[in-house]
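For reference, the chains in residue letters:
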Amino acid sequence: MKLEDKIKKDAIIRMFHVNRKYGSVYALKDINIEIKKNEFVFITGPSGAGKSTLLKLCYLEEKLTEGQIIIDGINISRILPKKIPFLRRKIGIIFQDYKLILTKTVFENISLVLEVSGHKISYIKKKVRSILRTVGMEEKINSYPLGLSGGEQQRVAVARAVVGNPEIIFADEPTGSLDKITAKKIMELLKSFHNRGTTVIIATHDNFLINNSYGRVISLKNGKIIKN
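Predicted, not measured: the structure shown is a model, and the values here were computed from it.

1. Comments concerning unusual backbone geometry
Its identity as a non-glycine residue notwithstanding, His-17 has a phi of 50°, on the positive side. Tracing the backbone shows His-17 in strand 1 (residues 11-22). With a relative accessible area of 48%, His-17 lands in the partly exposed category. A positive phi angle, near 45°, is found at Glu-173, a position not held by glycine. The class of Glu-173 is buried, set by a relative accessible area of 8%.

Structure below.
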């Protein structure tokens, strides 16, 4: 098998000439990327480089202006609305600002992911406890987000992202508001899921984080790739 054919076969995300415009301004311009299954990838660059926009296109929070993105064989630039829930089951998302539902407990925040997939309550209870144990938050299962520290909330956000066994985790500045010790713990969690076979893609401007971790680095500047 030729190397190019193997890369194409192994790729879980492929982007072709991706553009995203707001009015006449390009947030992303002519992005071409291939990410293989089980890669650990940093998307980096200064503020305004297009990192978050790139992730949002992948998990369908924003729409392409031009180009194509193929995720695990699904062309999301042509995806039918009824197919979107199936794609999202392959994806876990970690946000910088956590996006936990403040009126729901830790258990309820995480269990929602499994409920929408139609799992039985007995499975949900077992799975949520198991994932909270993994991230060191089992004792907080009945707590509400406002009673947790920033680091604890981010660990719950990690648990929510991985509880459905996604093939890909997208993390947008997951350590941006955390101190270095807590940030290191979050990175260790992400690496542990990567070691189990998950593709992990992290958008960050934190060079300390990148320099103290393993992984491929894709650099953006002014919406264009300067290193891939």
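2. A look at the packing of aromatic side chains
Applying the stated criterion across every chain, the model contains four aromatic pairs. Centre to centre, the rings of Phe-40 and Tyr-214 are 5.1 Å apart; their planes meet at 55°, and the pair counts as tilted. Of this pair, Phe-40 sits in strand 3 (residues 40-44) while Tyr-214 sits in the loop between helix 8 (207-211) and strand 9 (216-221), and the two are 174 residues apart along the sequence. The class for Phe-40 is buried, based on a relative accessible area of 4%.

3. Let's talk about the side chain of Glu-62
For Glu-62, the location among the structural elements is in the loop between helix 2 (51-58) and strand 4 (66-71). Taking relative accessible area as the criterion, Glu-62 reaches 18% and is therefore assigned buried. Within polar-contact distance, the side chain of Glu-62 engages the side chain of Tyr-22 at 2.4 Å. With near-sequence residues (within four places) excluded, Glu-62 lies in contact with Arg-20, Tyr-22, Thr-53, Lys-56 and Leu-57.

4. Quick look at the layout of surface pockets
By volume, the largest pocket amounts to about 590 Å³. Taken together, the elements giving at least two residues each to the lining of the largest pocket come down to helix 3 (84-88), strand 6 (91-94), helix 4 (106-115) and helix 6 (150-162). In terms of residue count, helix 4 provides more of the lining of the largest pocket than any other element does, four residues in total. Of the residues contributing to the lining of the largest pocket, the split by class is 14 nonpolar, five polar and five charged.

5. Structural notes on the pattern of salt bridges
What the rule picks out here adds up to eight salt bridges. Glu-39 serves as the salt-bridge partner of Arg-216, at 2.9 Å between the closest nitrogen and oxygen. Pair noted here: Arg-216 is in strand 9 and Glu-39 is in the loop between strand 2 (25-36) and strand 3, with a separation of 177 residues, a long-range link. When the shortest N-O distance is used, the salt bridge between Asp-97 and Lys-99 registers 3.6 Å. Accessibility expressed as a relative area gives 48% for Asp-97, which makes it partly exposed. Note on Lys-99: relative accessible area 43%, which makes it partly exposed. Overlapping salt bridges, with partners in common, bring together Asp-72, Lys-90 and Glu-167 in one network.

6. Considering the sheet that holds strand 10 (residues 224-227)
Read from one edge of the open sheet, six strands run 6-7-8-3-9-10, paired in mixed fashion. The open sheet has two edge strands with one neighbour each: strand 6 and strand 10. Strand after strand, the sheet turns through a mean of 20° between neighbouring axes, direction not considered. Along the sheet, helix 2 makes contact with strand 3, strand 6, strand 7 (168-172), strand 8 (199-204) and strand 9, crossing strand 7 at roughly 145°. Seen against the sheet, helix 7 (residues 180-195) touches strand 3, strand 6, strand 7 and strand 8 and runs at an angle of roughly 135° to strand 3.

7. What to know about the pairing of strand 8
By the criterion of burial, strand 8 is predominantly enclosed, with six of the six residues buried. The two faces of strand 8 match: Thr-199, Ile-201 and Ala-203 on one face and Val-200, Ile-202 and Thr-204 on the other face are all buried. Pairing analysis gives five bridges linking strand 3 to strand 8, with the strands arranged parallel. Its bridge partner being in strand 8, Phe-40 is matched across the sheet by Val-200. Bridge count between strand 7 and strand 8: five bridges; the pairing is parallel. The residue of strand 8 that forms the bridge with Ile-168 is Thr-199.

Calculation criteria
Residues numbered from 1 in each chain as written. Predicted model: local features only at pLDDT ≥ 70, side-chain atom pairs only at ≥ 80, totals over all residues. Heavy atoms only, no water. Helix = DSSP H or I, 4+ residues; strand = E, 2+ residues; numbered from the N terminus. Buried < 20%, exposed > 50% of the residue type's maximum accessible area, 1.4 Å probe, protein only. Phe/Tyr/Trp six-rings, centres within 6.5 Å; stacked < 30°, edge-to-face > 60°. Polar contact = N/O pair within 3.5 Å; in protein donor to acceptor, adjacent residues only side chain to side chain. Contact = heavy atoms within 4.5 Å. 1 Å grid on protein atoms, 1.4 Å probe; cavity = no way out; pocket = protein on both sides within 12 Å on 5 of 7 lines; lining within 4 Å. Points joined across faces, edges and corners; volume = space filled by probe spheres on them. Nonpolar A, V, L, I, M, F, W, Y, C, P; charged D, E, K, R; others polar. Salt bridge = Lys/Arg side-chain N within 4 Å of Asp/Glu carboxyl O. Pairing = 2+ DSSP bridges. Axes fitted to C-alpha atoms, helices over the stretch in contact; angles between N-to-C directions.

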